[in-house]
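This is what each chain is made of:
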Amino acid sequence: MITDKDRLYFQFRAEAELKLAAEAEDPAVCRAHYEMATQYLDAAHGAGMRMPPDPQRLMRRG
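Notes on the structure follow. The model shown is predicted, which means the values in this text are computed figures rather than measured ones. (Residues numbered from 1 in each chain as written. Predicted model: local features only at pLDDT ≥ 70, side-chain atom pairs only at ≥ 80, totals over all residues. Heavy atoms only, no water.)

**Let's talk about helix H2 (residues 27–44)**
So, step 1. For H2, built from 18 residues, the straight-helix expectation of 26 Å at 1.5 Å per residue is met to within 8% by its first-to-last C-alpha distance of 25 Å.
So, step 2. Of all the positions in H2, only Cys30, Ala32, His33, Met36, Ala37, Gln39, Tyr40, Ala43 and Ala44 are classed as buried.
So, step 3. Positive phi shows up at Gly46, right after H2, with a value of about 75°. (Helix = DSSP H or I, 4+ residues; strand = E, 2+ residues; numbered from the N terminus. Expected span 1.5 Å × (residues − 1). Buried < 20%, exposed > 50% of the residue type's maximum accessible area, 1.4 Å probe, protein only.)

See below:
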């Protein structure tokens, strides 16, 4: 069960990832940050995510 504290954390992380995506010059890095932001937003809205996104897994996809 996601708590209010978890939800706030996930929202904060999503905002941070969006900022990093906007600052990224490499398209693969930008895409990875957007994907992480999406996962954090999904988690914040109760999409069943228990753990934060794994940046290493996302970078391998790029």
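**Some points on the packing of aromatic side chains**
A ring pair, where both rings are aromatic, is described by two values, the distance of the centres and the angle of the planes.
So, step 1. Summed over the entire model, instances satisfying the criterion amount to 3 aromatic pairs.
So, step 2. Through pairs of rings, three or more aromatic residues link up here, namely Tyr9, Phe10 and Tyr40. (Phe/Tyr/Trp six-rings, centres within 6.5 Å; stacked < 30°, edge-to-face > 60°.)

**A few points about helix H1 (residues 4–23)**
So, step 1. The terminal C-alpha atoms of H1 lie 29 Å apart, and with 20 residues this matches the ideal 28 Å at 1.5 Å per residue to within 8%.
So, step 2. Residues Phe10, Ala14, Glu17 and Ala21 constitute the buried set of H1. Projection of H1 onto a plane perpendicular to its axis shows the buried side chains occupying an angular sector of 65°, all on one side. In this structure, H1 carries Asp4, Lys5, Leu8, Phe12, Glu15, Lys19, Ala22 and Glu23 as exposed residues pointing more than 90 degrees from its buried face.
So, step 3. If you follow the buried residues of H1, they end up packed against H2. (Arc of directions from axis to C-beta. Contact = heavy atoms within 4.5 Å.)

Interpretation note: all reported values are geometric properties and have no functional meaning in isolation.
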